[in-house]
Amino acid sequence: MSTDTTVKEDQEIPRPSLKATMIPIVFMAASLGVFIGYFETDPHLPLFLSAIVATAVALATGSRWKKLEAGIMRSIGLTTQAIVILIIIGTIIGYWIAGGIVPTMIYYGLSILAPDYFLVAACLICCLVSLAGGNAWTAAGTIGIALMGVGEGLGLNPAMVAGAVISGVYFGDKISPLSETTNMAPGVVGVDLFEHIRYMLYTTVPALAVALVLYTIIGLNMTPSGDGAAQVTELQQSLNELFIISPWLLLVPAAVIVMMIKKVPAIPALSIGSLMGIVCAIVVQGVPLGDSFTIFVEGYAVDTGNVTVDDLLTNGGVSAMMWTVSLIIIAMSFGGILESAGFFRTIVESLLKLAKTTGSLIATTVATSMAANVVGCDQYLSIILPARMYASEYKRRSLKLKNLSRTVEDAGTMTSPLVPWNTCGAFMFATLGVSAFSYAPYAFLALLSPMFAIIYGFTGFRIAYEDGAKTASADSELAGVRSA
């Protein structure tokens, strides 16, 4: 996009006042608190009502409905691929259970993973799979599902297991050169991809190291529920009775991982994985052809009388993903209205007035990316909006733009799964079966990454300036502090 086109688009965006901008945002926060906290209902209705309020305020401040509608369609359009992937993941879950693939992964996982080091091992396994494929969703929808099953079989807290899985899959999603967000962040601000990745290692690797230490400490001090050994033996026996367990079935997830490494796009790679699951279900497990059609829509279901086994193996299908798909569409409609009406821009411009130092500028960038995840409901917006809005300010302060690209990933990419109505949080709930509110306290990498970004900003550690600009910038900030 040319500079002239960007300027023209910026001029067309309305400039509502900060007071008007805060109306739909405050309403959203209050309505989510009331509906979820008091009525214990889903976030769909409060987000839908928030979109109505945002529309009313936007129209009152000069926006036109056609522009708002275009913003809604554009915002929803950003998630089209994600929705397709989500639906395919639903079929994978159903067919991989029916085909004995997930049961086999759980069976062998129960044999080699002990409770004491399970969390740290789960995180590292997910790191490797996600790093190889560059996609947190694909990693969570394959190895993540199996690890959740193993954790449940070992009697571990599902929220802790989900937190370890989230930390692992988002490490790869952030660092891998195959990741969309890893390519998007430097692309928006104009930074070389591998320079961006190298610079992210300064915040991401220490954050991961601390997370692994915390998972190790928790693992060594936690007590699994029930009799762990007896539960494992009982679950393995049940799996043996229900399915043909064979290491050959592990070739299916291995094939998907290889396709990820070979840069096969996510949709065809996952579709092939789903088809392989159908073949395993029919040929290996003897599932009738008619039942395989039902699994596509309704998922796999089993009733053994054992609650753990039934909960573990009753999952998947397209219908199981519709709750999440509808939430994504409603949330992105709300975000599209806020962006097209200029509300986001008003907030960013107001925040910039508070960012006097390098540390406060980076902290403001972190806050904006996190807020975009909450209000904009999508990790792409949490990267694109602050990167686009703050680039000129970073240049003006002689800060290299790789500071900006790293920061929006530290805050935007990493905190996206912590918001239940964000596309990433909704996806992880649908895939792992644990809400973001529950696993967020244990998703240590996601929590630590923005903290490291802020600490580096205020201490000046690994903050890159243009040649000869660091001293001048430090003197300017010191003078600003003295005058204040």
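Here the structure is a predicted model, which is why all the values come from computation and not from measurement. (Residues numbered from 1 in each chain as written. Predicted model: local features only at pLDDT ≥ 70, side-chain atom pairs only at ≥ 80, totals over all residues. Heavy atoms only, no water.)

**Let's talk about the overall build of the protein**
Heads up, the condition is: In DSSP terms, a helix is any run of H or I states spanning at least four residues, a strand is any run of E spanning at least two, and both are numbered starting from the N terminus. Three labels apply to residues, based on accessible area from a 1.4 Å probe with only protein chains included: buried if under 20% of the type maximum, exposed if over 50%, partly exposed otherwise in between. Note that accessible areas follow from Shrake-Rupley with a 1.4 Å probe, and for residues the cover is restricted to the protein chains shown.
For the protein, the count of helices and strands is 25 helices and 0 strands. Counting all 484 residues of the protein, 56% fall into the buried class. Accessible area for the protein stands at about 19,900 Å²; split by element, carbon and sulfur atoms hold 65% of it.

**Some thoughts on the pattern of salt bridges**
Formally: The rule for a salt bridge is simple: a side-chain nitrogen of Lys or Arg has to be within 4 Å of a carboxyl oxygen of Asp or Glu.
Under the criterion given, the structure shown has 4 salt bridges. Between Asp-410 and Lys-174 there is a salt bridge, with the nearest N and O atoms lying 2.3 Å from each other. With a gap of 236 residues between them, Asp-410 in helix H21 (residues 401-415) and Lys-174 in helix H9 (residues 158-175) connect regions that are remote in the sequence. Overall, Lys-174 belongs to the buried group, its relative accessible area being 0%. Across the pair Glu-393 and Arg-397 runs a salt bridge, and its minimum N-O distance is 2.8 Å.

**Brief notes about unusual backbone geometry**
Phi is positive for Ser-398, close to 60°, though the residue is something other than glycine. The backbone phi angle of Arg-462 is positive, close to 55°, even though this residue is not glycine. Mapped onto the elements of the fold, Arg-462 is located in the loop between helix H24 (444-459) and helix H25 (469-483). On the basis of relative accessible area, Arg-462 is assigned to the partly exposed category, the value being 39%.

**Quick word on the confidence of the model for the protein**
Quick note on the threshold: One confidence number per residue, pLDDT, is output by the predictor and ranges from 0 to 100. When checking whether two residues touch, look at their non-hydrogen atoms; a contact exists if any pair is within 4.5 Å.
Of the residues in the protein, 89% have a pLDDT of 70 or more, and the chain-wide mean is 81. Ranking the helices and strands of the protein by mean pLDDT puts H24 first, with 92, and helix H1 (residues 3-12) last, with 45. Predicted confidence for residues 1-10 stays below pLDDT 50, and this span has 3 contacts to residues more than four positions away or in other chains. Residue range residues 471-484 is modelled with pLDDT below 50. Its contacts to residues more than four positions away, or to other chains, number 6 contacts.

**A short note on the packing of aromatic side chains**
Here is the rule: The aromatic pairing rule takes the rings of Phe, Tyr and Trp, using the six-membered ring of Trp, and pairs them if the centres are within 6.5 Å, calling planes under 30 degrees apart stacked, those over 60 edge-to-face and the rest tilted. Only when the NZ atom of a Lys or the CZ atom of an Arg is both within 6 Å of the ring centre and within 35 degrees of the ring normal do we say a charge sits over the ring.
Enumeration according to the criterion identifies 5 aromatic pairs in this entry. Seen in terms of ring centroids, Tyr-199 and Tyr-202 are 5.9 Å apart; in terms of plane orientation they differ by 85°. Their pairing is edge-to-face. Taken together, the residues Tyr-199 and Tyr-202, both in helix H11 (residues 193-221) and 3 residues apart, mark about one turn of the helix. An aromatic cluster of three or more residues is present, and its members are Phe-452, Tyr-456 and Phe-461. Positioned above the aromatic ring of Tyr-199 is the side chain of Lys-402, whose terminal nitrogen or guanidinium carbon lies 4.6 Å from the ring centre. The positively charged end of Arg-406 is found above the aromatic ring belonging to Tyr-199, 4.0 Å away from the centroid.

**Digging into the nonpolar core**
The criterion, for reference: In plain words, nonpolar cores are sets of buried Ala, Val, Leu, Ile, Met, Phe, Trp, Tyr and Cys residues tied together by side-chain atoms within 4.5 Å.
Phe-118, Leu-119, Trp-137, Val-169, Tyr-170 and Met-428 are the most contacted members of the largest nonpolar core, which has 148 residues in total. When residues in this core are grouped by element, the largest group, 12 residues, is from helix H5 (residues 80-98). Those residues within four positions of Val-169 in sequence are excluded, and the remaining contacts are Cys-126, Ser-130, Ala-136, Ala-139, Ala-140 and Met-428.

**Digging into the environment of Leu-239**
Along the chain, the position of Leu-239 falls in helix H12 (residues 228-242). Exposure remark for Leu-239: the relative accessible area of 0% places this residue in the buried category. Discounting residues that sit within four places of it in the chain, Leu-239 has contacts with Pro-103, Ile-106, Tyr-107, Ile-245 and Leu-313.

**Brief notes about a nonpolar patch on the surface**
Filter applied, for reference: What goes into a patch is any residue over 30% in relative accessible area without a salt bridge, connected to like charges within 9 Å or, for nonpolar side chains (Val, Leu, Ile, Met, Phe, Trp, Tyr), within 5 Å.
A contiguous nonpolar patch, built from Leu-18, Met-22 and Val-26 and spanning about 240 Å² of accessible area, is present on the exposed surface. Examined against the element boundaries, Met-22 turns out to sit in helix H2 (residues 18-38). Since its relative accessible area comes to 33%, Met-22 is described here as partly exposed.

**A look at the packing of H11 against H21**
Under the convention used in this document: In this analysis, axes come from line fits to C-alpha atoms, helices being fitted only over the stretch in contact, and the angle between any two N-to-C directions falls in the range 0 to 180 degrees. Comment on the angle field: the value is read as roughly parallel under 35 degrees, roughly antiparallel over 145, roughly perpendicular from 65 to 115, and oblique elsewhere. In this scheme the crossing of two helices becomes right-handed for a clockwise turn of the near helix relative to the far one and left-handed for an anticlockwise turn of less than a right angle. Under the scheme applied here, ten amino acids are nonpolar (Ala, Val, Leu, Ile, Met, Phe, Trp, Tyr, Cys and Pro), four are charged (Asp, Glu, Lys and Arg), and all others, including Gly, are polar.
At their nearest, the axes of H11 and H21 sit 9 Å apart, and the two run at 55° to each other. With respect to their mutual orientation, H11 and H21 come out oblique. Of the two possible hands of crossing, H11 and H21 adopt the one that is right-handed. Packed against H11, whose contacting residues are Glu-195, His-196, Tyr-199, Met-200, Tyr-202, Thr-203 and Thr-204, the element H21 presents Lys-402, Asn-403, Ser-405, Arg-406, Glu-409 and Asp-410 at the interface. For the contact of H11 with H21, the class distribution of residues is 3 nonpolar, 5 polar and 5 charged.

**A few points about the environment of Phe-444**
Its place among the elements puts Phe-444 in helix H24. For the pair Phe-444 and Gly-163, spaced 281 residues apart in sequence, the C-alpha to C-alpha distance is 7.2 Å. Among residues more than four places away in sequence, those in contact with Phe-444 are Ser-167, Ala-211, Leu-214, Tyr-215 and Ile-218.

**Observations regarding the side chain of Ser-449**
Tracing the backbone shows Ser-449 in helix H24. Contacts of Ser-449, omitting those with residues within four sequence positions, involve Lys-174, Ala-207, Asp-410 and Met-414.

**Digging into the state of the cysteines**
Definition in use: Note on terminology: disulfide denotes any pair of cysteine sulfur atoms within 2.5 Å.
In this structure the tally under the stated criterion is 0 disulfides. Left without a disulfide partner, Cys-126 is nearest to the cysteine sulfur of Cys-123, which lies 7.2 Å away. Classification of Cys-126 by relative accessible area gives buried; the value is 0%. Its sulfur unpaired, Cys-127 is 4.3 Å from the next cysteine sulfur, which belongs to Cys-123.

**Describing the side chain of Ser-50**
Along the polypeptide, Ser-50 turns up in helix H3 (residues 44-60). The residues contacting Ser-50, other than those within four sequence positions of it, are Phe-27, Met-28, Ser-31 and Phe-334.

**Describing H24**
To keep things clear, this is the line we draw: Any helix carries an expected span of 1.5 Å times its number of residues minus one.
Over its 16 residues, H24 extends 22 Å from the first C-alpha to the last, a length consistent with the 22 Å expected when each residue adds 1.5 Å. Along H24, the positions that sit buried rather than exposed are Phe-444, Leu-445, Ala-446, Leu-448, Ser-449, Pro-450, Phe-452, Ala-453, Tyr-456 and Gly-457. Gly-460 sits one or two positions beyond H24 and adopts a positive phi of about 80°.

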